[in-house]
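# Working through the structure, step by step
The primary structure of each chain is shown beneath.
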Amino acid sequence: MVILKHADEIEKARASNRIVAEVLSVLREKVKPGLTTRELDKIAEGIVEKRGAKPAFKGYRGYPFSLCASVNDEVVHGMPSNRVLTEGDIIGLDFGVYYQGFYGDSAVTIPVGKVDDQAARLMQVTEQSLCMAIKQACHGNRLGDISATVQETAESSGYSVVRDFVGHGIGKSLHEDPQIPNFGKKGRGIELKRGMILAIEPMVNAGKYKVKILPDGWTVITADGSLSAHFEHSVAITDNGPEILSKLN
Ligand code: MF3
Ligand code: CO
């Protein structure tokens, strides 16, 4: 069941997502060769605590950390560890908070120092696929308009979209209906309505779309070892079109 949100609820989701955006912007400044992903997790927790919010992922289905940090061929749900970041890595940072009864959720993939052209292009195309998909988040459009836009943007650059993980509605729960696949057909699927909040999150692989889960039960990696990028925004469908809630401004 898709839950529509009133203006006052969108305001709360905005506040929650603002904290997520602040965390990701601080982490972006901190990321550099020599740092461990565990240190990034600690920095994120410190900010959330200061804001009086709760990390959304910690304890979710037993996930033990606040941040997901996915390096290179890791697609999503990488667990913070003593792994030291190296020049040329790319790192996906996925973060969520719970604040005043509402969840916020967003992700970025960023370079560690200087990265090669291939990695830079993968990140750029993946972010572009999110940006184009967000433009489709309008009252009266269909869910498939979002999905197809991600897929077309990624595949026309020679990349593939992950099938096994999807975006989602978000609100008083971290994951609500609808599920938002990153592939599909224009004009298909449920009709989009004002009051929906959607966490749109393309996961794009430089190689094939197949993924596997490591024995830790969480870390998702590309089956062929290729690089992967992930971007996510929580977006409200308003009378004035899509509003990106998880953006600093
Ligand atoms: N952004 C991811 C999602 O929406 C993060 C979930 S990680 C988990 O599913 F640990 F909370 F599962
Ligand atoms: Co999400």
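Report follows, based on the coordinates.

### Concerning the overall build of the chain
Counting its secondary structure elements, the chain contains four helices and 15 strands. Relative to the globule expectation of 18 Å for 249 residues, the C-alpha radius of gyration of the chain, 17 Å, shows essentially globular dimensions. Considering only C-alpha atoms, the chain reaches an extent of 45 × 45 × 35 Å along its principal axes. Within the chain, the proportion of its 249 residues that are buried is 52%. In the chain, 71% of the contacts between residues at least 6 apart in sequence involve partners at least 24 apart.

### Some points on the environment of V2
With respect to the helices and strands, V2 occurs in the segment before α1 (7-30). For V2, a relative accessible area of 30% corresponds to the partly exposed category. Not counting chain neighbours up to four residues away, the residues in contact with V2 comprise D177, P178, I190 and M196.

### Observations concerning the sheet that holds strand β7 (residues 167-169)
Spatial ordering of the open sheet is given by β8-β7-β9-β14-β15, a layout of five strands whose pairing is antiparallel. Edge positions in the open sheet fall to β8 (176-180) and β15 (241-244), since each of these has one partner strand only. Direction aside, neighbouring strands of the sheet carry axes that sit 25° apart on average.

### What about the nonpolar core?
Residues L40, I91, L93, F95 and I200 are the most contacted members of the largest nonpolar core, which totals 49 residues. In contact with L93, other than residues within four places in its own chain, are L24, L27, V31, L40, L67, C68, A69, S106, A107, V108 and I110. Listed in part, the 16 residues of the second largest apolar core include A13, F102, Y103 and L174.

### Overview of the coordination of the cobalt ion (ligand 2)
Note on the cobalt ion (ligand 2): its protein donors are D105 (OD), H168 (NE2), E201 (OE) and E232 (OE). The metal-donor distances range over 2.1 to 2.3 Å. Metal-centred angles of 63 to 168° between the six donor atoms at the cobalt ion (ligand 2) mark the site as irregular. Linear spacing of the donor residues for the cobalt ion (ligand 2) on their chain is D-x62-H-x32-E-x30-E. Taken together, the positions of E201 in the loop between β9 (197-200) and β10 (203-205) and E232 in the loop between β13 (228-230) and β14 (233-238) put the pair 31 residues apart, joining distant regions of the chain.

### Some points on the site of ligand 1
In the neighbourhood of ligand 1, the contacting residues comprise F57, Y60, Y63, C68, H77, D94, D105, H168, H175, E201, W218 and E232. At a separation of 2.8 Å, an oxygen atom of ligand 1 approaches a polar side-chain atom of H175. Expressed as a share of its isolated accessible area of 340 Å², the protein-covered part of ligand 1 is 95%. Class assignment for the residues of the shell around ligand 1 results in five nonpolar, three polar and four charged.

### With respect to the packing of aromatic side chains
Following the criterion strictly, the structure yields three aromatic pairs and no others. Aromatic pair Y63 and F65: ring centres 6.2 Å apart, planes at 70°, arrangement edge-to-face. The buried category is assigned to Y63, whose relative accessible area is 2%. The exposure class of F65 is buried, given its relative accessible area of 12%. Considering the side-chain rings of Y98 and Y103, the 4.6 Å spacing of their centres and the 45° angle between planes classify their relative orientation as tilted. Above the ring of F183, the side-chain terminus of R163 is found at 4.7 Å from the ring centroid.

### Considerations on the pattern of salt bridges
Summed over the entire model, instances satisfying the criterion amount to eleven salt bridges. Among the ionic pairs, K172 bridges to E9, the shortest N-O distance being 3.9 Å. Of this pair, K172 sits in the loop between β7 and β8 while E9 sits in helix α1, and the two are 163 residues apart along the sequence. With relative accessibility at 16%, the residue E9 sits in the buried group. Two residues, R194 and D239, come together in a salt bridge whose shortest N-O distance is 2.4 Å. Residue R194 is found in the loop between β8 and β9, and its partner D239 is found in the loop between β14 and β15; the two are separated by 45 residues along the sequence. By relative accessible area, which is 63% here, D239 ends up exposed. One salt-bridge network, in which partners are shared between bridges, spans E11, R14 and E243.

Calculation notes
For every chain, the first residue of its written sequence is number 1, and the numbers climb from 1 along that sequence. The naming scheme follows written order: chains are lettered A onward, ligands numbered 1 onward. The model is predicted, so local features are restricted to residues of pLDDT at least 70 and side-chain atom pairs to those at 80 or more, both for listing and for counting; the totals for chains, interfaces and linings are taken over all residues. In computing side-chain values, all of the structure's heavy atoms are included and hydrogens and water are not. Secondary structure is summarised from DSSP: a helix means a run of H or I of at least four residues, a strand means a run of E of at least two, and numbering begins at the N terminus for each. For a compact globule the rule gives 2.2 Å times the number of residues to the power 0.38, and the radius of gyration it is set against comes from C-alpha atoms. Categorising residues by exposure relies on relative accessible area from a 1.4 Å probe, with only protein chains included: less than 20% of the type maximum marks a residue as buried, more than 50% marks it as exposed, and the intermediate range marks it as partly exposed. Working rule for contacts: check all heavy atoms of both residues, and any pair within 4.5 Å makes them a contact. Between any two strands, pairing holds if DSSP finds at least two bridges. Angles shown run from 0 to 180 degrees and are taken between the N-to-C directions of axes, each axis being a line fitted to C-alpha atoms and, for helices, limited to the stretch in contact. By convention a nonpolar core is built from buried Ala, Val, Leu, Ile, Met, Phe, Trp, Tyr and Cys residues, the set being connected through side-chain atoms within 4.5 Å. Water is absent from the atoms considered, so a metal site may look incomplete; donors are defined as N, O and S atoms within 2.8 Å of the metal, or 3.2 Å for Na, K and Ca. In short, tetrahedral needs four donors with all angles between 85 and 135 degrees, square planar needs four and octahedral six donors with opposite donors over 155 degrees apart and all other angles between 65 and 115, and whatever is left is irregular. Near, as used in this document, describes a residue that has one of its heavy atoms within 4 Å of the molecule or strand being considered. By the criterion applied in these results, polar contacts are pairs of N or O atoms within 3.5 Å in which, for protein atoms, one can donate a hydrogen and the other can accept it, and in which residues neighboring in sequence qualify only through two side-chain atoms. The method behind every accessible area is Shrake-Rupley, applied with a 1.4 Å probe, and residues are considered shielded solely by the protein chains displayed. In this count, Pro and Cys sit with the nonpolar residues alongside Ala, Val, Leu, Ile, Met, Phe, Trp and Tyr, while Asp, Glu, Lys and Arg are called charged and the others, Gly among them, polar. Each aromatic pair joins two rings of Phe, Tyr and Trp (for Trp, the six-membered one) with centres within 6.5 Å, and gets the label stacked for planes under 30 degrees apart, edge-to-face for over 60, and tilted for any other angle. Over a ring means this: the NZ of a Lys or the CZ of an Arg is within 6 Å of the ring centre and within 35 degrees of the ring normal. Salt bridges are counted wherever a side-chain nitrogen of Lys or Arg sits within 4 Å of a carboxyl oxygen of Asp or Glu.

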